[in-house]
Amino acid sequence: MRLLTHNMLSSKIKGVSNGFPLRIEVEKVIEKQVELNPDFLKNIFPKVDWKALVEAGRTMGFAELPEEADLLMLDSSEFLSKFHHALLELHLEEGALVCPETGRKFPVNKGIPNMLLHEDEV
Amino acid sequence: MSSRPESLAPPEIFYDDAEARKYTSSSRIIQIQAKLSERALELLALPDDGIPRLLLDIGCGSGLSGETLTENGHLWVGVDISQSMLDIALDRQVEGDLLLGDMGQGLAIRPGVVDGAISISAVQWLCNADKSSHEPRLRLKAFFGSLHRCLSRGARAVFQVYPENLAQRELILRSAMHAGFAGGVVVDYPHSTKNRKEYLVLTCGPPSLSTATPKGKGEDGESGSDEEFSDEENQTIRTSDRHRPRKKQKTTKKGKGREWLLKKKEQMRRKGNTVPPDTKYTGRKRKSKF
């Protein structure tokens, strides 16, 4: 699972008012090289929750993202490549996602988070 | 209609390892899925600027439909309820990210982040209640509600569906409208049993020129060959089924009449059947007392 996907996911358990961002518990991280596409990054940037991405990157062992970011920084290719690496190349292979409010764990196996809810959580 | 997988078992059970492998090793299914997802992507009408978008593939299964998205340069996140199907997707090394989730529980996705959603032959599963806690109406509501939230403004969602009957189609469509979507059903090749495909095209956000429902294909009795679709002009949107007007029978309250009866008897005689002779009683009504 990419951090892009992590940045989109939020916990939808019944009664949880803010299920975002899910905390990451890391067991295994892998990296996959992907081609950098500046257009895509510029397009997706406003939709990304920056704080969550920085935090997630740090838990995955990539601490090079700046604390703050704005649209102007997208012109720097150095920033772009870091953003790209964090967003698309880091994969959480094994571990878990934890709901920030309830502490419910969503296990991640082979890169697939199990977001199925129990019947009493719907 | 022959047996529908929906009526056999819940999706997470029906698509077990064997079924998932079968599904993905059949070149016919692969071809159909690719064609359906291509058409869905076309109906999604993403701006033609070459920028990759973030799309959602609901009921992505083994990633057959996602492959079409990858081929067109988009990034996608797939959701499916069957672990076996997702395992096959991993084997096939699809590009998109996969989630194990139940669309009837609502999509666990933050608001306003997705540029579009497609779903190939999946939404009709929601119309089934496989557990005692399942209520199709509520599950559809949760699904469409969460989808409406997570799509960005003006984004589209295209679902290829196989509703079992009119009521199911009505239920799906109504749930989508209640969630705040605009749009309708596009039917490709409505007169063909085999090629007939239904797409639910939904738009999120205020209605505008670009949100008009696109037209279906092969409306004018075009046979819908395997070749790519021809023109898109001569088609209309249909939400009803393919009932054609029946030939009117010439019957009055009195019945078919003596004249008609004599004609029929003559016909039968010519065929060599034994027919009672024509008398003054032929074609006459019995008295009510009789």
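We now turn to the structure provided with this report. Keep in mind the model is a prediction, meaning the values are calculated, not measured. One numbering rule holds for all chains: residues counted from 1, following each sequence as written. The order in which chains are written sets their letters, starting at A; the order in which ligands are written sets their numbers, starting at 1. Only residues with pLDDT of at least 70 get local features here, since the model is predicted, and only at 80 or more are side-chain atom pairs given and counted; chain-wide, interface and lining totals rely on the full set of residues. Note that water and hydrogens are dropped before the side-chain values are worked out from all heavy atoms of the structure.

Glancing now at the overall build of chain B. A tally of helices and strands in chain B yields 8 helices and 7 strands. The cut-offs for exposure are 20% and 50% of the maximum accessible area for each residue type, with area from a 1.4 Å probe on protein chains only; residues under the lower value are buried, those over the upper are exposed, and the others partly exposed. Considering chain B as a whole, with its 290 residues, one finds that 48% of them fall into the buried category. We call two residues in contact when some of their heavy atoms are within 4.5 Å. For chain B, the share of sequence-separated contacts (at least 6 apart) that also reach a separation of at least 24 residues comes to 64%. Note on areas: these come from Shrake-Rupley sampling with a 1.4 Å probe, and a residue is covered only by the protein chains present in the view. Surface accessibility of chain B: about 16,000 Å² in total, with carbon and sulfur atoms responsible for 51%. Numbering of helices and strands runs from the N terminus, with a helix taken as a DSSP run of H or I at least four residues long and a strand as a DSSP run of E at least two residues long.

With that out of the way, let us pick up a positive patch on the surface. Only residues whose relative accessible area exceeds 30% and that take part in no salt bridge are eligible for patches, with like-charged residues grouped when within 9 Å of each other and nonpolar side chains (Val, Leu, Ile, Met, Phe, Trp, Tyr) grouped when within 5 Å. Salt bridge, as used here: a side-chain nitrogen of Lys or Arg that lies within 4 Å of a carboxyl oxygen of Asp or Glu. A residue counts as positive if it is Lys or Arg and as negative if it is Asp or Glu; His and the chain ends are not included. Charge positions come from single atoms, namely NZ of Lys, CZ of Arg, CG of Asp or CD of Glu. On the surface, Lys256(B), Lys263(B), Lys264(B) and Lys271(B) cluster together into a positively charged patch. With respect to the helices and strands, Lys263(B) occurs in helix α8 (residues 258–271).

This next bit is on the interface of chain A and chain B. Tallying the contact residues gives 30 residues for chain A and 30 residues for chain B. When residues of chain A are sorted by the area they lose upon contact with chain B, Met8(A), Lys47(A) and Ile112(A) head the list and together hold 24% of the total. Viewed at the interface, chain B and chain A are joined by 3 salt bridges. Among the salt bridges present, the one from Lys47(A) reaches Asp115(B), with a minimum N-O distance of 2.1 Å. Nitrogen and oxygen atoms within 3.5 Å of one another constitute a polar contact, given that in protein one can donate a hydrogen and the other can accept it, and given that sequence-neighbouring residues count only through two side-chain atoms. Counting across the interface, chain A meets chain B through 14 residue pairs in polar contact (both at pLDDT 80 or more). Contributions of two or more residues to the side of chain A that touches chain B are made by α1 (3–8), α2 (38–44) and β4 (112–113) of chain A. Looking at the side of chain A that touches chain B residue by residue, the classes come out as 15 nonpolar, 8 polar and 7 charged. Once two parts are brought into contact, the accessible area they lose, counted with a 1.4 Å probe and summed over both, makes up the buried area. Classification convention: Asp, Glu, Lys, Arg as charged; Ala, Val, Leu, Ile, Met, Phe, Trp, Tyr, Cys, Pro as nonpolar; all other residues, Gly among them, as polar.

The subject of this paragraph is the sheet that holds strand β6 (residues 182–188) of chain B. Residue and element names in this part refer to chain B. The strand order β3-β2-β1-β4-β5-β7-β6 describes an open sheet built from 7 strands, whose pairing is mixed. Edge strands, defined here as strands with exactly one partner in the open sheet, are β3 (97–100) and β6. Between one strand axis and the next, the sheet turns through 20° on average, direction left out of account. Any two strands between which DSSP finds at least two bridges are classified as paired. The sheet contact formed by strand β4 (residues 114–120) and strand β5 (residues 151–161) spans 6 bridges and is parallel. Across the sheet, Ile118 pairs through a bridge with Val158, a residue of β5. Structural elements are reduced to axes, namely lines fitted to C-alpha atoms, with helices fitted over the stretch in contact, and the angle between N-to-C directions of any two is expressed from 0 to 180 degrees. Across the face of the sheet, helix α3 (residues 27–44) comes into contact with β1 (54–58), β4, β5, β6 and β7 (197–203) while running at roughly 145° to β4. Packed on one face of the sheet, helix α4 (residues 64–71) meets β1, β2 (75–80) and β4 and runs near 170° to β2.

This is a description of form; function is not addressed.
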